[in-house]
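Here is how the chains run, residue by residue.
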Amino acid sequence: MRKKFIVASVLLLCAGGVSLFAQETIESLGFSLDVVWLFTGAILVFIMQAGFALVETGLTRAKNATNITMKNVMDFCFGAIVYWMIGWGFMYGKDALGGLVGSDQFFFSGMDVNWTNAGIYKSWFFQVVFAATSATIVSGAMAERTQFRSYLIYTCFISAFIYPISGHWAWSSDGWLAKLGFHDFAGSTVVHSVGGWAAFMGAAVLGPRIGKYIKGADGKVTVKAFPGHNIPYAALGVLLLFFGWFGFNGASTLTSLGDGGIWSGANISRVCVTTTLAASAGAIAALIFSWTWFKKPDASMTLNGLLAGLVGITASCAVVTPGAAVAIGLIAGVLVVLAVEFIDKIVKVDDPVGAISVHCICGIFGTLAVGIWANAAEDGVVGLLHGGGAAQLGKQLIGIVSVGGWAAVTSLVLFFAIKLVVGLRVSAREELVGLDLSEHKSEAYSGFQIFSNM
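As the structure is a computational prediction, the values presented were derived from the model and not from experiment.

Parameters at a glance
Residues numbered from 1 in each chain as written. Predicted model: local features only at pLDDT ≥ 70, side-chain atom pairs only at ≥ 80, totals over all residues. Heavy atoms only, no water. Helix = DSSP H or I, 4+ residues; strand = E, 2+ residues; numbered from the N terminus. Expected span 1.5 Å × (residues − 1). Buried < 20%, exposed > 50% of the residue type's maximum accessible area, 1.4 Å probe, protein only. Polar contact = N/O pair within 3.5 Å; in protein donor to acceptor, adjacent residues only side chain to side chain. Patch = residues over 30% accessible without salt bridge, like charges linked within 9 Å, V, L, I, M, F, W, Y side chains within 5 Å. Areas by Shrake-Rupley, 256 points an atom, 1.4 Å probe, with all protein chains shown as cover. Salt bridge = Lys/Arg side-chain N within 4 Å of Asp/Glu carboxyl O. Phe/Tyr/Trp six-rings, centres within 6.5 Å; stacked < 30°, edge-to-face > 60°.

A. Examining helix H7 (residues 231–250) more closely. Between its first and last C-alpha, H7 extends 28 Å over 20 residues, near the 28 Å set by a 1.5 Å rise per residue. Among the residues of H7, Ala 234, Gly 237, Val 238, Leu 241, Phe 242, Gly 244, Trp 245, Gly 247, Phe 248, Asn 249 and Gly 250 are the ones counted as buried. A side-chain oxygen of the first residue of H7 lies 3.0 Å from the backbone nitrogen of Tyr 233; this N-cap is Asn 230.

Set out below in structure tokens:
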């Protein structure tokens, strides 16, 4: 009897040990899978830098191709350093001032290089590519007439201060917008509208390209188009952005199983399905609408329509149905065509690639879409069309106005300061020659004769 008791006790202890070991192994495996998924997503988002470079190069003139490429390379390099130095601490450091800003982890201070800090390292790597995306949006809107050094100064400030502080409001668990219930899954407002507002302010302070708006003797203003020199580049860039967006939205689940962290109801497959449908619907809507309006299927508008669908679904991709994603994409595709024409011909802010329309206008719409189509009661996010009333819509409006106001005011002050201190715009002669030669003494197409339409 005694032997049986001893044997039973040993078996129970072994079973308990195996169970504990299995639990620890599963937790360790889960963490490892999360690391792999976040790193995969971050790499996909990093590829979007190449997409932006190609889109902006293709939609502008050949004499500025090297300059645009350099900006898209260096805004990530400078941005990564300042985000490590300052931006990460402001965004995800210990909360200060009631949800307004983080206050520690600058330069990763106080953290040893060991396994216990692996969670922070993986999160930083994923977040730095988002910071780079927000910064690079401005490049296209200010293309063909901005001093290279002034652009680098700006990109450091947005990656270190402007983007991280408003990002803390919405994405830090202690942020005041997060506590309010504002929902922006992957950054329609936090990333895209911030970059879009900065692009608008930068283009407005900078002024239009020479010859863009020509005033006649009768006082009427003629708006001149400067066609992009390489639409295949632009199309390849858009496809790379589409590809990278599966990491942008998909990896924002933050876990490999899609059921952890603040986005507890998110599912990777659902996010990727809604992302695909919205992008496709946006391209189709922009194609049909521009074809009807301009009597020809406009390539640049169609490409921007695809991007508009992606930006439009970014906030809501985890909380809407596939049908709602199609509706959001269709509306965004029409909206971007209207916005491009309105900003170019009515507001008369010169945006060579339509960055303001895609990222700011469709970012605002995409954030509002959460309050209309959201259907995720398990996350407490239910929109107007699913019985949630106007409560979530109100929270989304508060987020749009507060983040937009912050980005617009700080960017406006920054661009005026740069203009006064170091100068923002190249000279008229440098602009006419092209920034490849005047800023870099290097032609993108050496040996080819470049004919400029201005």
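B. Region of the structure containing a nonpolar patch on the surface. A cluster of nonpolar residues, Ile 81, Trp 84 and Phe 107, forms a patch on the protein surface that exposes about 290 Å² of accessible area. Relative to the assigned elements, Ile 81 resides in helix H2 (residues 65–92).

C. Geometry of the packing of aromatic side chains. Within this structure, the stated rule accounts for 25 aromatic pairs. On the basis of an interplanar angle of 75° and a centroid distance of 4.9 Å, the ring pair of Phe 46 and Phe 76 is categorised as edge-to-face. Taken together, the residues Phe 46 in helix H1 (residues 2–58) and Phe 76 in helix H2 connect sequence positions 30 residues apart. Between Tyr 83 and Trp 124 the ring centres are 6.4 Å apart and the planes differ by 35°, which places this aromatic pair in the tilted class. Separated by 41 residues along the polypeptide, Tyr 83 in helix H2 and Trp 124 in helix H3 (residues 118–141) bring together distant segments of the chain. Residue class for Tyr 83 comes out buried when judged on its relative accessible area of 0%. Residue class for Trp 124 comes out buried when judged on its relative accessible area of 16%.

D. Structural context of the pattern of salt bridges. Taken as a whole and assessed by the stated rule, the structure comprises six salt bridges. Between Glu 144 and Arg 209 there is a salt bridge, with the nearest N and O atoms lying 2.5 Å from each other. Placement of Glu 144 in the loop between H3 and helix H4 (148–171) and of Arg 209 in the loop between helix H6 (188–206) and strand S3 (213–215) is noted, with a sequence separation of 65 residues between them. This pair shows no difference in class: Glu 144 is buried, exactly as Arg 209 is. Put simply, Glu 341 and Lys 345 hold a salt bridge, and the shortest N to O gap is 2.8 Å. Residue Glu 341 and its partner Lys 345 are both found in helix H10 (residues 322–347); the two are separated by four residues, about one turn of the helix. Counted as one network, the salt bridges with shared partners bring together Arg 61, Glu 144, Arg 209 and Asp 350.

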